[in-house]
Each structure stands twice: as structure tokens, then as C-alpha cells.
Amino acid sequence: MFFSRIKVLILICTLGGLGISCDRSQQFSEPLPKVVDFNFHVKPILVQNCYLCHGPDPSSRKAELRLDTYEGATAALKEGGHAIVPGKASKSHMVQRIYNEDPGMVMPPPETNLKLTEREKALLNKWIDQGAEWKDHWSFIKPETKIALSDPKAIDFIIEKKLDEKGLEKVPLANKNSLIRRVSYLLTGLPPNPKEVQEFISDTSSVAYEKLVDRYLNSPAYGERWARHWMDLVRYAETKGHEFDYAITGAWKYRDYLIRAFNEDVPYDQFLKEHIAGDLLPTTRENKETGVSESRLGTTFYVMGEGTHSPVDVRQDEADRIDNMIDVTTKTFQGLTVSCAKCHDHKFDPITAADYYALYGVMESTRFSPVPADLSKDKKLAAKEIENLNSYMRKLVAGKWDTVKNSYENTDQAQNTAINTNEEAYSVIGDFRGRDFDGWTSDGFAFGQKTTLGNPIVDPATGKLLGLDEGKASSRAMGMGIFGALRSPNIILDKDFVGVRALGKNSSIRIIIDNFQLIQNPIYGGIDQKVNTGEWNNLVFNVAAWKGRKAYIEILPGTYERHKYSLQEDAFIEAQYAVTYDGEWPLDLDKVMPTQLNYNWAVLDISPVTVKRINEDLKNGKLPSQFPEFKSVLDSSKQLAKTLKTESFVNGIYDGYGIDSPVFNRGNYKEPSEEHIPRRFLSVLSLGDSIFKSEGSGRMELAEVMLNEDNPLTSRVMVNRIWHHLFGKGIVETVDNFGLQGKLPSHPELLDYLAVKFQKEGWSVKKLIRAIVTSETFKRSTVRSDALANTDPNNIYLASFPVRRLEAEAIRDGILAVSESLDSTMYGTPVATHLTAFMQGRGRPGKSGPLDGEGRRSIYLEVRRNFLEPMMTTFDRPIPFSTFGSRNVTNVPSQSLILMNDPLVAQQAEIMAGKLMEKELVGFEEKVQWIYMQTFSRLASSDELKKASDFFEMLRTMEEKEASKENQEMELWKEYCHSIFNLKEFIYLI
């Protein structure tokens, strides 16, 4: 009884102290707000200190108490009372516990090493007393704004309002030299040339700056700059990494697609659709010059992940790859860390494991494949025309034979008399001897959409009808060397063997187990077989080691060599059927033919047995066989088939068959739940509970729900990325995480205004960039007073423009530009990586690329995962394994060492010195001024000229002590140019 009273006394004293401390908010370095906002003041405290034990994840929840929902926080506790009593802090157990000094009672517990500050305690107390208003997380609330979207001063108005609140004074505008360098680098990734600088400085019109911005927005270099930003998000690379660093075929075509998309200002909603479901769009966007479909190239981002050849466990390999796809997709487009829900409900965000596995099914239902890189509307029209010509020939034959059609009506009655005596010994996976593909999917042009059954076989020289084609899947239905693939539905391997009856040349049949693509020995070599036989052959795949696994069969012309797909001119493949079986090859199948219940004589849509009988009659002269019209039809068809040839491929995707995934207990696929989660979006977001109805993956529905007008994230995330690339820091600093562990927006009103503006003005990236770059906020100087530096040391409120270091690519490209060595050629295959002696290991290319990368911009240099370019890595280009919306900005000795010692920097310093000598400039000062204008977009001051003179005197003294060198003047200017590259102003925007 005595000890109970002591505890009560301690509690009363604690609460008494609490009342005093809350009334004395002036003791805090920043006063408590008049109204405590749940999202901006309270939730960060709860997320960082309480959610691990009292958050969304039931597996780690303590005392059955939830503090992430209003219902959970205000519910009755087992021991009585409530954690939170709205309006009554003194009766709220949470307040009592955070102020308790007893180690066994205080929250957070001491063993967590978490401790609330006095200000945080006071905020919680005041919030509860004000009614404990609960809100959805700020990023899950639809953005709204009352500010006119057309107001050119809106950005400055919002920024300056915050500056006034914080008592901060904005700095003056930057000078013209700084502005043009800033705009040029941030919009194009290149420095302005001296002519552009002079033109801008000389232009005294009121719209000089706006004209400057428009010029750089319309520069081809703009697309190169902003495509590289996007490549960080999708872990762009041209090889798979791991042991042998196998190539990602055609990755560079995706890079070129990005450059074109940004230069053409493709609306972001279209851009998103092309990434998520570009292969499924009913209407594709086409390249204006070539007519090639652009939309499909967007999906290449799915295949940019790392890849392991011959993993011991292909199911685990699939889980890892899908996890990466979910991680990249959700971070990139939604700014959420959904992959944190792989093993359990998200510890902080309202994202469940069911949400994760709903998306897992979407990705699992997507198949990897070679994709023609030159698919166009003309090719589709040509393929359609060939089909029409084939249909014309069938109708012509049927019309001429119309009088005898009745004699074939009962042909099917006598077929299939053979009886299968061992029905369970095999299962037919696909039978192509009928009119259709028996549920298989035909992708590309090669196989068409039906088998060959009933197609006229014609002598091309005479046009004589030789017979009707018996049923089979044939990739030469339109011609040889045409791409296409025939893929089965998903099957579960329950027998020892898979068999396919086929013939062909330079072609392949593969068993794709758990979507595994990098098939090779020593483990998996047997499930990829080359087909090179002119006679029907039974190809057998021993799959006993993978019984119980999900798989599909892939039949395609062409072959893989070291995982690179190639399609020869004479490649073709034909197949009759596919089976799984135990024991011996099932001979019954050759006797049992597919039946056909519905006839359509007008287009020779008839049964296999009827075709055989017609061929016998034709051979015996019982049917007319002269069709002179066929010769011109065949000639036309042959010419059209030539246009279907494909020059190049990209590793891409096709839609598979819809799979609903179970939840894997603790992320372990070996412990699946009994329930399968329907494919859908995130349940916390708008339409997140709407189940995808597609028979395929559901990616089209995923794109649509991401772009639903009620989705609060899509536009917010993108405008924040744009702001980040312009100011070096996002309005939300954690650009890839808008969840509860992400940073709060520094200017929430501005973020919502920009998000609404972005949507309402057609999702135009260029238009949004222009609005930001033409604001006064963007044009401010970087010079800050001591008072401003002390009050807002991290420049959160943008009283000045932030000092920014250039990215790795801009530094390298800048060096090439100022030395006048930059080759502005756009697009094309990547320049091979320059290999140093230290870059060793498996997968090392046999030949090194040139030191200067042929003078091309950095975006065109090869990105090999196992052999990353040292300069790029040293200056913080991220290693491509996941989404990096914000690069690290380090300041380490190795960067200075690169600028001092890298052979490329020394080479370009020498080239720049050579260009200087060719200019025939008069006098020392004029030469220094040329260098300053090239490198810093300004003239040197008198003090800098003096320092340059002193530097040369020092160099000359050093040279005299050494052996005399030929062309000493050239050497001196080379050293001076090299020293300029090492100045901070060269790699910073100031």
C-alpha cells in the first residue's frame, strides 16, 4: 500500500511539472506552435520512437497497443484507461509514461536507446490537450491549392511567406555570369560557351533571361542531362554484373528513348504508362523520324536489374529479381519503400505484406524476352497485309472447290479411334495440329495468330496448288528470319520430361523455370536446346530436378550465345505438339488428332483429317489445282515479308498469364500462405482495393491506378524530383521516400501547388522546369551573410540559392567542353569502357575503350556493372542496383586526386593549352582571360590575374632547375589549365 502511494505521488509530481513546462514554451529554442499539427509535429515523434513496438506490423506489436491509428491509440487498454484521451493529456497513459522516471515504466524503454526531448514531450501533451486530431499521413492526402496556377509569382510568394515566418531576409539576385552558368549546367549539364555568355550579358531586354531559359530547354543537350537523372532511378546499366557481367542487349536504346522523350517533352503521364505497360498500350507513340514505336522501349527498365547465371535455387533468384522490380517501380513512381513489406507488414508505413504480394503477382506474370527494337506501324501493316493475302488464297481455293465441299462434311466421324492406354503417363501441354495454338501466346510476327492448318502450299514458279498445309505452329508462316515466339501457359512440372515435336534451323526451344532466363551449364544447360533438323524430331528435356516448379515452354526462331539473342536470315522453327511425360515418349499422340466441331469452308477452316483427305484427292487429280493468281500473290507476300526482318533487339518484356501470389512467411517462398492475394495496387491509396481483372499481368491497370486523379503521390513525387535536380535538395529531402520515415516537406504548400500545376497543365516537365527556373527564388545569389548562415545553416528555406557541386558527368563533360574536345554526336551504341590496369576480374572486356571516350558525353559511355568508370564512381554516380533519386555529395581526398592525377584530366589540360596557343592571343592577360571565360563563364579579376602571374613565375623557376624541355611555354600553360580544373569554382555552381 505504501509503495502504491509513492507511485501515485511520483505521478502527481510528474504531471504537475508537466503543466508548468507546457506553459513555459519559451524555454525551447523554437517556441511551440499555436496549433500542433499531427503530421508535421506529432507523427515524426511517434514514427521515430513508438512505431517499432506500437505501429502497423502486428508481429512486433507490444501490449496490443497501436499508436499509428486513432482507433488503436484511443482504445481501452487491458490494464484500464486509454493511451490517449483526446482533450485530456492528464488522463492519457501515453503522457504519463513518457514523463515517468521509473526505468520500468518510462516510454520509450531505456533498452531502445530512444529518449524524447522536453520539447517533444511538450508537443505531444499540447496536441492531446488540443483534441488529438488525427490525420492521414501528409503524402496520402490529395494535393490541393488555392493559388492561381497561372500566377508567375506563386513560387516566390510561397517561399517568401516562409522566410517571413522564420524571420529570414532573402539575398539579392545573382549576376548574369553566375546565372547563365547555373542555367546552362542545370538544364543541359554543360557550361555555356563564351559566345552565349557574351550574348546574354549584352542583351538588356526585359525578357533576356526567359529567352536564355528557353534556349537551353530546347537544346538537344537538355534531354541528355535529364535522361541521366532518370537513369539513376531505374539502375541503368548495360551489363548484369555478378560473375561474368553478361550484357543487357540493347540497353542503350532505352537510354536514347529517354533522351528523345525528355527533348520532346512527352507528358509525364504518357511517360509513366510507357514504363509500366508500354507493350500493352492500345495506341503507341512513334518516333517522328523513323516511325518506330517508342512506347515499348519504356518497359526496358524492368530488365535493368542484376542477374545471376546458374543460381542454385531459381525460385529464390526469381524472388530476388521481383523484389528489385517492386522496389524500383514503387520508389521511382510513388516514392514509397514497398519492399520493406516483403517479410512482414511495413514497420512504419500503412503498407501490408498483402500489398507487396499483390504487386509480386503483377511482376511474376510478366515475362522477359527479346523484343525487336525497330517495331513500327509499317511493319504491323505489312504483317496484316500478308495475313490478308493468305486469307485471299484460302478463299480463292474454297470458292473453286465449293461444289465438292459437302463430300467432306463427315470426314471427322471416323477419326481418333486410337485409344490411349496409359492416360496418366503424359499430359498434352499444347497441340498445334488443329487450327489454333491451344491456349499458347504468339508474340511478334513469326507465328501469326493461327497454325498453318489449311494454308495453300503453292509452287512459286508456276502458281500451282500442291496441297493444303497440315496443322503446325510455324515461324516461317510469313517468311524465314522473322522474329516471334510461341509460349505456353504456366504449368507445374509434375513429370520427369517435357517433350516437343519440332523441326527447324538455327532456332531454340527453352523451358523457362520460375522465369529464369540466364540458362547455361553446368546446372541448366539442358533446358535450352538448339533446333537444327529438317525432319520431325522429338526434343526431350529432363526436368525431374525441378518437379513442383512453375514453368512455361518457349519456342522461337533464333538462338542465344552467352545470353545474347541473335536471329539468322535462315532461322525458322515448326512444332506439332508439346507434352510432359514419365517413362517413354507417348506414341499415342501421333495417332490422336485434334477434333474440330465448327467448320467455315469459305476460308478453309477445316479439320486436320479433312485436310489429309483433300490432299489425297488433290494428289490424285480429283480437285482443281491451277490458280494462276497465286504467283503475283506470292511475290507480293515475299516482298512484304522482307520488311518484317529485324535488325536489332532489346532485352524486354511481354505479358504472361495472370498469377496471384501467396504471401511468403517472413519473405521465405518455401513458406507460402494458403491464400493467394489478387493483383491490385496499394490498399492505402485510392483504388488500392480494386482487383485487377486482366488475364495477363495487370500492368496496364497498375499504370492507370497510379495516374488516377485521386492518387496523391504520382505528381508530388515527380515535381519533387524536378525541384531536387534544380536546387540540389527536394522540397521533400528524401526524394525516394514519401513514407513515415521520410523527411517532412520544407514547403508543403509549395509542393502541393506544383503537384496540382503539373497535373492541370498537361504533365509537362519542361513547362514546370521553366516555371521554377524563371522564379526569383532560383535566380538568387549563393552569397550568404553570417547571420543567415547561423539562422538557417542548411538553407532549408532558400533565402539564397544553394551552393552546388556538379555531378560526375557534368564535371567530365565540362572538362571536354572547355577544352573544345566535346563531340556533340547524339545517340548510338555506347563507347567501350576505358580499362585501367587495376580494373581486373571475370567478364573483363578483351579490348579497352579510348581514354577520352571518343570525346562523347558521359551518358554515352558504357556502364558495366563489374567495371564502373573510376571518375564517375569517385564523384558519386551511384552503383546501379536500386533507385537513387538523390546522389550522395561527398567531399573526399580521392576526388582531388582524380582531378590532379587522372590521365584524362591531364590529357584535356594539354589539349586546352594547345587550343590556347592556336588562338594567337596577344599577351599573358588575354590568355588568362580566355581560360577564365571558357571555364568559369566570367573574366578574371585583377587579383586572379596577379595570382596567375605568380603561378607562372613559380613554374618557370621550377622548370629552370630541371632539364630544359622543348616547347616550355606549352608545358606552362598545360600546368596552368590543369590547375584551373582543380579549383572549386570549376566543379561548383557558386
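Residues numbered from 1 in each chain as written. Predicted model: local features only at pLDDT ≥ 70, side-chain atom pairs only at ≥ 80, totals over all residues. Heavy atoms only, no water.

With that out of the way, let us pick up the overall build of the protein chain. Secondary structure assignment for the protein chain yields 32 helices and 19 strands. Overall, the C-alpha framework of the protein chain stretches about 105 × 100 × 55 Å when taken along its three principal axes. Going through the 990 residues of the protein chain one by one, you find that 56% of them count as buried. In the protein chain, of all internal contacts separated by at least 6 residues, the share reaching a separation of at least 24 is 74%. Roughly 42800 Å² of accessible area belongs to the protein chain as shown, and the carbon and sulfur atoms make up 52% of that amount. (Helix = DSSP H or I, 4+ residues; strand = E, 2+ residues; numbered from the N terminus. Buried < 20%, exposed > 50% of the residue type's maximum accessible area, 1.4 Å probe, protein only. Contact = heavy atoms within 4.5 Å. Areas by Shrake-Rupley, 256 points an atom, 1.4 Å probe, with all protein chains shown as cover.)

Compared with the 34 Å implied by 1.5 Å per residue over 24 residues, the 35 Å span of helix α16 (residues 377–400) between its first and last C-alpha is a close match. Taken together, the buried residues of α16 touch β4 (456–458), β5 (465–468) and α18 (630–642). (Expected span 1.5 Å × (residues − 1).)

Formed by 171 residues in total, the largest nonpolar core has its most connected members in Leu 187, Trp 230, Trp 723, Leu 726 and Ile 769. The residues touching Leu 187, leaving out its near neighbours within four places in the chain, are Val 213, Tyr 216, Leu 217, Ala 221, Tyr 222, Arg 225, Trp 226, Leu 726, Ile 769 and Val 773. Counting 44 residues, the second largest nonpolar core, distinct from the first, contains Ile 386, Met 478, Leu 486 and Val 531. (Core = buried A, V, L, I, M, F, W, Y, C linked by side-chain atoms within 4.5 Å.)

Within a pair of aromatic rings, the relevant descriptors are the distance that separates the centres and the angle that separates the planes. The final tally for this structure, using the stated rule, is 51 aromatic pairs. Note on Phe 301 and Phe 333: the rings are 6.1 Å apart at their centroids and 75° apart in plane angle, and the pair reads as edge-to-face. With Phe 301 in the loop between α13 (268–277) and α14 (314–334) and Phe 333 in helix α14, the pair connects residues that are 32 residues apart, well separated along the chain. On the accessibility criterion, Phe 301 (1% relative accessible area) is buried. The ring of Tyr 216 carries the charged tip of Arg 215 above its face, separated from the ring centre by 5.9 Å. For Arg 260, the ring lying beneath its charged end belongs to Tyr 827, and the centroid distance is 5.7 Å. (Phe/Tyr/Trp six-rings, centres within 6.5 Å; stacked < 30°, edge-to-face > 60°. Lys NZ or Arg CZ within 6 Å of the ring centre and 35° of its normal.)

All right, on to helix α31 (residues 968–981) then. Taking 1.5 Å of rise per residue, the 14 residues of α31 would be expected to cover 20 Å, and the 20 Å separating its terminal C-alpha atoms lies within 8% of that figure. Every buried residue of α31 is listed here: Met 970, Leu 972, Trp 973, Lys 974, Tyr 976, Cys 977, His 978, Ile 980 and Phe 981.

Turning to the pairing of β5, a few remarks are in order. Two strands pair when backbone bridges link them, and β4 and β5 are joined in this way by 3 bridges, in the antiparallel orientation. Bridged to Ile 457 within β5 is Gly 467. In this antiparallel pair of consecutive strands, β4 and β5, the connection spans 6 residues, and Gly 463 shows a positive phi of 80°. (Pairing = 2+ DSSP bridges.)

Relative to each other, helix α8 (residues 176–188) and helix α11 (residues 220–233) sit at 65°, their axes nearing to 6 Å. What the angle tells us is that α8 and α11 run roughly perpendicular. On α11, the residues touching Tyr 185, Leu 186, Leu 187 and Thr 188 of α8 are Ala 221, Tyr 222, Arg 225 and Trp 226. The class makeup of the residues in the contact of α8 with α11 is 6 nonpolar, 1 polar and 1 charged. (Axes fitted to C-alpha atoms, helices over the stretch in contact; angles between N-to-C directions. Parallel < 35°, antiparallel > 145°, perpendicular 65-115°, else oblique. Nonpolar A, V, L, I, M, F, W, Y, C, P; charged D, E, K, R; others polar.)

A few words on the side chain of Glu 809. Within the secondary structure, Glu 809 sits in helix α25 (residues 808–818). In contact with Glu 809, other than residues within four places in its own chain, are Arg 228, Ser 858, Met 872, Arg 877 and Arg 887.

Running from amino to carboxyl end, α11 crosses helix α20 (residues 714–727) at an angle of 120°, the nearest separation of the two axes being 12 Å. Taken together, α11 and α20 sit at an angle that is classed as oblique. At the point where α11 passes α20, the crossing takes the right-handed sense. Residue-level contacts link Trp 226, His 229, Trp 230 and Leu 233 of α11 to Met 718, Arg 721, Ile 722, His 725 and Leu 726 of α20. (Left-handed = near helix turned anticlockwise from the far one by under 90°.)

For the rest of this paragraph, the subject is the environment of Arg 97. If you trace the backbone, Arg 97 turns up in helix α5 (residues 93–99). For Arg 97, a relative accessible area of 24% translates into the label partly exposed. Those residues in contact with Arg 97 that lie beyond four places of it in its chain are Gly 104, Met 105, Val 106 and Met 107.

Once that is clear, we can look at the side chain of Thr 451. With respect to the secondary-structure elements, Thr 451 resides in the loop between β3 (441–444) and β4. By relative accessible area, which is 2% here, Thr 451 ends up buried. There is a polar contact of 3.3 Å between the side chain of Thr 451 and the backbone nitrogen of Leu 453. If we skip the residues at most four places from it in the chain, Thr 451 touches Phe 432, Gly 434, Arg 435, Asp 436, Phe 437, Gly 471 and Lys 472. (Polar contact = N/O pair within 3.5 Å; in protein donor to acceptor, adjacent residues only side chain to side chain.)

Moving on: empty space enclosed by the protein. Empty space left among the atoms is revealed by rolling a probe the size of a water molecule over them. As enumerated under the stated definition, the model contains 8 cavities of 30 Å³ or more in all. A volume near 110 Å³ is recorded for the largest cavity. In terms of lining residues, the largest cavity is bounded by 14 residues, among which Glu 224, Arg 225, Arg 228, Glu 809 and Arg 857 are the most central. Broken down by secondary-structure element, the contributors of at least two residues to the lining of the largest cavity are α11 and α25. Per-element tally for the lining of the largest cavity: the top contributor is α11, with 5 residues. A class-by-class count of the residues in the lining of the largest cavity yields 2 nonpolar, 3 polar and 9 charged. What the second largest cavity holds in volume is close to 70 Å³. Around the second largest cavity sit Trp 226, His 229, Trp 230, Leu 233, Phe 262, Met 718, Arg 721, Ile 722 and His 725, which together line it. For the lining of the second largest cavity, the secondary-structure elements that each account for two or more residues are α11 and α20. (1 Å grid on protein atoms, 1.4 Å probe; cavity = no way out; pocket = protein on both sides within 12 Å on 5 of 7 lines; lining within 4 Å. Points joined across faces, edges and corners; volume = space filled by probe spheres on them.)

With that out of the way, let us pick up the layout of surface pockets. Here the second largest pocket defines a volume of roughly 1300 Å³. In terms of lining, the second largest pocket is formed by 40 residues, of which the most central are Asn 390, Asn 455, Arg 476, Ala 477 and Met 478. Of all the elements in the fold, those that place two or more residues in the lining of the second largest pocket are α16, β4 and α18. Each residue belonging to the lining of the second largest pocket can be placed in one class, and the counts come to 16 nonpolar, 11 polar and 13 charged.

Once that is clear, we can look at the pattern of salt bridges. Evaluated as defined, the whole model comprises 67 salt bridges. Across the pair Lys 161 and Glu 749 runs a salt bridge whose closest N-O atoms are separated by 2.8 Å. Taken as a pair, Lys 161 in helix α7 (residues 154–166) and Glu 749 in helix α21 (residues 748–760) lie far apart in primary sequence, 588 residues in all. Using a relative accessible area of 33% as the deciding quantity, one classes Lys 161 as partly exposed. Accessibility expressed as a relative area gives 32% for Glu 749, which makes it partly exposed. (Salt bridge = Lys/Arg side-chain N within 4 Å of Asp/Glu carboxyl O.)

Glancing now at the confidence of the model for the protein chain. Averaged over every residue, the pLDDT of the protein chain is 91; residues scoring 70 or more account for 95%. Every residue in residues 1–26 is under pLDDT 50, and counting partners more than four places away or in other chains gives 14 contacts. Across residues 416–421, confidence stays below pLDDT 50; counting only partners more than four residues off in sequence or on other chains, it has 10 contacts. (pLDDT = per-residue confidence, 0-100.)

Right, let's get into the state of the cysteines. Enumeration over the complete set of coordinates arrives at 0 disulfides. Looking at the unpaired Cys 340, the closest cysteine sulfur is the one in Cys 343, lying at 9.6 Å. You can call Cys 340 partly exposed: its relative accessible area is 41%. (Disulfide = S-S within 2.5 Å.)

A few words on unusual backbone geometry. Going from Met 107 to Pro 108, the amide bond is cis rather than trans, its omega being -5°. By secondary structure assignment, the location of Pro 108 is in the loop between α5 and α6 (118–129). The residue after Asn 521, namely Pro 522, is reached through a cis peptide bond having omega 10°. By the element assignment, Pro 522 lies in the loop between β9 (497–513) and β10 (528–542). The backbone phi angle of Ala 132 is positive, close to 50°, even though this residue is not glycine.

Quick look at the environment of Arg 679 now. When you line up the elements, Arg 679 lands in the loop between β17 (672–676) and α19 (699–706). For Arg 679, a relative accessible area of 7% puts it in the buried group. Separated by 14 residues in the primary sequence, Arg 679 and Lys 693 place their C-alpha atoms 8.4 Å from one another. A polar contact is formed between the side chain of Arg 679 and the side chain of Asp 660, at a distance of 3.0 Å.

A separate point is the environment of Arg 181. If you trace the backbone, Arg 181 turns up in helix α8. With a relative accessible area of 4%, Arg 181 lands in the buried category. Along the primary structure Arg 181 and Asp 214 are separated by 33 residues, whereas in three dimensions their C-alpha atoms are 15 Å apart. Ignoring any residue separated from it by four or fewer positions in sequence, one finds Arg 181 in contact with Pro 192, Thr 935, Phe 936, Ser 937, Glu 985, Phe 986, Tyr 988 and Leu 989. From its side chain, Arg 181 meets the backbone oxygen of Tyr 988 in a polar contact 2.8 Å long.

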